[in-house]
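One-letter residues, chain by chain:
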Amino acid sequence: MTAILLVAHGSRDPRAARATGALARAVAAARPELTVRAAYLDHTAPGVGAALGQLAAAGHTAAVVVPLLLTKAYHGRVDLPELLAEVRAAGRIAVRCTAVLGPASAGVEAALIG
């Protein structure tokens with residue numbers, strides 16, 4: 001069983017988690033045959049590792065991680081790949097990761113990629 005994990009940056013503002021949760025529910029409604037969950041890189045639980053652990057504990061053998069990031073800046077280049085490498089090394093769930101939502105390099109303001 002493959003699950004979808006939407007990964008957002010996270011925020012101290014609870015409205016951000018509510019918006020991400022609403023997106024996860026909308027994706028789940030559009031694809032009812034899939035398990036869709038949300039996780040966060042900072043400030044909000046569950047974290048990526050915990051969410052993938054929960055999916056594995058629920059019987060999922062694989063997950064597709066969808067980074068809800070606008071650019072391939074630090075979180076997309078460093079944080080998320082490191083977290084996913086740890087999960088892969090643990091061997092509890094197979095993980096594949098899609099590209100970030102926005103452009104990876106060309107046409108991106110330098111201040112956003114920093």
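Residues numbered from 1 in each chain as written. Predicted model: local features only at pLDDT ≥ 70, side-chain atom pairs only at ≥ 80, totals over all residues. Heavy atoms only, no water.

Caption draft 1: Layout of the overall build of the chain. When helices and strands are counted, the chain shows four helices and four strands. Listing every helix and strand of the chain by position from the N terminus yields β-α-β-α-β-α-β-α. Counting only residues that meet the buried cut, the chain has 36% of its 114 residues in that class. Counting only contacts in the chain whose residues sit at least 6 apart along the sequence, the fraction spanning at least 24 positions is 74%. (Helix = DSSP H or I, 4+ residues; strand = E, 2+ residues; numbered from the N terminus. Buried < 20%, exposed > 50% of the residue type's maximum accessible area, 1.4 Å probe, protein only. Contact = heavy atoms within 4.5 Å.)

Caption draft 2: Just helix α2 (residues 48-57), in detail. Regarding α2, the residues found buried are V48, A51, L52, G53, L55 and A56. For α2, the secondary structure elements touched by its buried residues are β1 (2-8), β2 (35-40), β3 (62-67), α3 (74-90) and β4 (94-97). G59, located one to two residues past α2, shows a positive phi value of around 105 degrees.

Caption draft 3: Structural context of the sheet that holds β1. Spatially, the four strands line up as an open sheet ordered β2-β1-β3-β4, and their pairing is parallel. The sheet is open, and its two edges are formed by β2 and β4, each paired on a single side. Going across the sheet, the axis of each strand differs from the next one's by a mean of 25 degrees, ignoring polarity. With four bridges joining them, β3 and β4 adopt parallel strand pairing. Across the sheet, residue A62 finds its bridge partner in β4, namely A94. Against the sheet, helix α1 (residues 14-30) contacts β1 and β2, and its axis sits at roughly 160 degrees relative to β2. (Pairing = 2+ DSSP bridges. Axes fitted to C-alpha atoms, helices over the stretch in contact; angles between N-to-C directions.)

Caption draft 4: The arrangement of the layout of surface pockets in detail. Taken as a whole, the largest pocket spans an internal volume of roughly 150 Å³. Lining the largest pocket are 13 residues; nearest its centre among them are K72, G76, C97, T98 and A99. Per-element tally for the lining of the largest pocket: the top contributor is α3, with five residues. (1 Å grid on protein atoms, 1.4 Å probe; cavity = no way out; pocket = protein on both sides within 12 Å on 5 of 7 lines; lining within 4 Å. Points joined across faces, edges and corners; volume = space filled by probe spheres on them.)

Caption draft 5: Examining the packing of α2 against α3 more closely. In the contact formed by α2 and α3, the axes pass within 10 Å of each other and the chain directions differ by 35 degrees. The way α2 lies across α3 gives a crossing that is right-handed. Facing α2, whose interface residues are V48, G49 and L52, α3 presents L80, L83, L84 and V87. Here the contact of α2 with α3 is built from residues that sort into six nonpolar, one polar and no charged. (Left-handed = near helix turned anticlockwise from the far one by under 90°. Nonpolar A, V, L, I, M, F, W, Y, C, P; charged D, E, K, R; others polar.)

Caption draft 6: How the structure looks around α3. The terminal C-alpha atoms of α3 lie 23 Å apart, and with 17 residues this matches the ideal 24 Å at 1.5 Å per residue to within 8%. At L80, α3 shows its strongest bend, of approximately 30 degrees, with the proline P81 following within four residues. Considered for burial, the residues of α3 that qualify are H75, G76, D79, L80, L84 and V87. In this structure, the buried residues of α3 make contact with β1, α2, β3 and β4. One or two positions beyond α3, positive phi appears at G91, with a value near 75 degrees. (Expected span 1.5 Å × (residues − 1). Bend = angle between axes of the 7 residues up to and from the residue.)

Everything listed here is a matter of coordinates, which is why it stays silent on function.
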